Amino acid sequence: MTQAVWGLKKSSLALLLLAAFCGGSAQAALFGDDEARRAILDLRQRLEQSQNANRALMEQSAQQIIQLNQQHNQSTAQLRSALLDLQTQIDKLRADLAQSLGAQERLARDVTEVQLRQKDTLSSVDDRLRRFEPVKVSVDGREAMVEPAEKADFDRSMALFRQGDFPGSQAAFAGFLSRFPTSVYKPSVLFWLGNAQYANKAYREALANFQRLLTESPTHPRAAEAMLAISNVQVELKDLKAARKTLEDLVKAYPATETAATARERLSRLR
């Protein structure tokens, strides 16, 4: 019994020791769980704080990114608008430049045309002035200044005479005297008019013009020839006495001329 009691006591003591050990372990475990729980809670809190901070940072970054995007979009839009304005200005400048160049080209053409017209006008004016400016001519060995129209009229009349158109030249010389009554050509015109009339057998008209030449210009180079022509007219009019008298006067007035030699030869035939 004693052994049984001792065995029982011994068993009870073992049980008590085991309980005590288990209780201590449980208490220690309990204390360890609390610290772990607090650590976990602390970690969770820190994690939440970190997550919240990250979330806030991400939200802030997102806002900044949005703002940057907005600023970028706004800057891009402003830049695009500025580029469009610049392109518009460039296009306008190009159009203005093209218009200016076109205007300059038209102006250059206009200036060239004006210069050409001016040149033509000046040339035309010069031509017209030359038609009225006196020209230097030689009339029967004497130099003189005459109007261009006057010279042209005389040359035309002489051309008709040389062509043998005596009626035409007679009319032309008569018209010349009417248009230029004081011309330096007048003595020559009277001489050739008389010759044209002689060729047309208008003897009395020819005689009058030859005598007029001698009366108005007795020292003219054609004066001796005019006297010889008068003698020819007088012969045609059958006035031989007057013809001899004219030839004799010719020899006396112009003795050293070839015309005087011709007059002497004719006088020898008329005697």
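Now for a quick tour of the structure. (Residues numbered from 1 in each chain as written. Predicted model: local features only at pLDDT ≥ 70, side-chain atom pairs only at ≥ 80, totals over all residues. Heavy atoms only, no water.)

A word on the environment of His-220. Here His-220 is to be found in the loop between α5 (203-216) and α6 (223-236). When the C-alpha positions of His-220 and Ser-188 are compared, they lie 8.7 Å apart, and in sequence the two are 32 residues distant. When near neighbours in sequence (up to four residues on either side) are disregarded, His-220 contacts Asp-140, Arg-142, Pro-187, Ser-188 and Leu-213. Engagement of the side chain of His-220 in a polar contact is seen with the side chain of Asp-140, the distance being 3.3 Å. In terms of polar contacts, His-220 uses its side chain to reach the backbone amide nitrogen of Arg-222, at 3.0 Å. (Helix = DSSP H or I, 4+ residues; strand = E, 2+ residues; numbered from the N terminus. Contact = heavy atoms within 4.5 Å. Polar contact = N/O pair within 3.5 Å; in protein donor to acceptor, adjacent residues only side chain to side chain.)

In this section: the side chain of Asp-153. The residue Asp-153 is located in helix α2 (residues 148-162) in this model. Within the structure, the side chain of Asp-153 is placed 3.1 Å from the side chain of Arg-156, a separation counted as a polar contact. When near neighbours in sequence (up to four residues on either side) are disregarded, Asp-153 contacts Phe-176, Arg-179 and Phe-180.

Let us now look at the packing of α5 against α6. Look at α5 against α6: their axes get within 9 Å of each other, and the N-to-C directions meet at 155°. One way to sum up the angle between α5 and α6 is to call them roughly antiparallel. Judged by the sense of rotation from one axis to the other, the crossing of α5 with α6 is left-handed. Facing Tyr-203, Ala-206, Leu-207, Phe-210, Gln-211, Leu-213 and Leu-214 of α5, the residues of α6 in contact are Ala-223, Ala-226, Met-227, Ala-229, Ile-230, Val-233 and Glu-236. By residue class, the composition of the contact of α5 with α6 is 12 nonpolar, one polar and one charged. (Axes fitted to C-alpha atoms, helices over the stretch in contact; angles between N-to-C directions. Parallel < 35°, antiparallel > 145°, perpendicular 65-115°, else oblique. Left-handed = near helix turned anticlockwise from the far one by under 90°. Nonpolar A, V, L, I, M, F, W, Y, C, P; charged D, E, K, R; others polar.)

A separate point is the pairing of strand β1 (residues 135-139). Of the pairings in the sheet, the one linking β1 to strand β2 (residues 142-146) comprises five bridges and is antiparallel in character. Looking across to β2, one finds that Val-135 is bridged to Val-146. Where β1 folds back on β2, the antiparallel hairpin that results is connected by two residues, among which Asp-140 adopts a positive phi of roughly 50°. (Pairing = 2+ DSSP bridges.)

Let us look at the environment of Leu-207. Within the secondary structure, Leu-207 sits in helix α5. Those residues in contact with Leu-207, other than ones at most four positions away along the chain, are Ile-230, Val-233 and Leu-237.

Here α2 is 15 residues long and its end C-alpha atoms lie 21 Å apart, about the 21 Å a rise of 1.5 Å per residue gives. Buried within α2 are the following residues: Pro-148, Glu-150, Asp-153, Phe-154, Ser-157, Met-158 and Phe-161. Residue Gly-164 follows α2 closely and has a positive phi angle near 85°. (Expected span 1.5 Å × (residues − 1). Buried < 20%, exposed > 50% of the residue type's maximum accessible area, 1.4 Å probe, protein only.)

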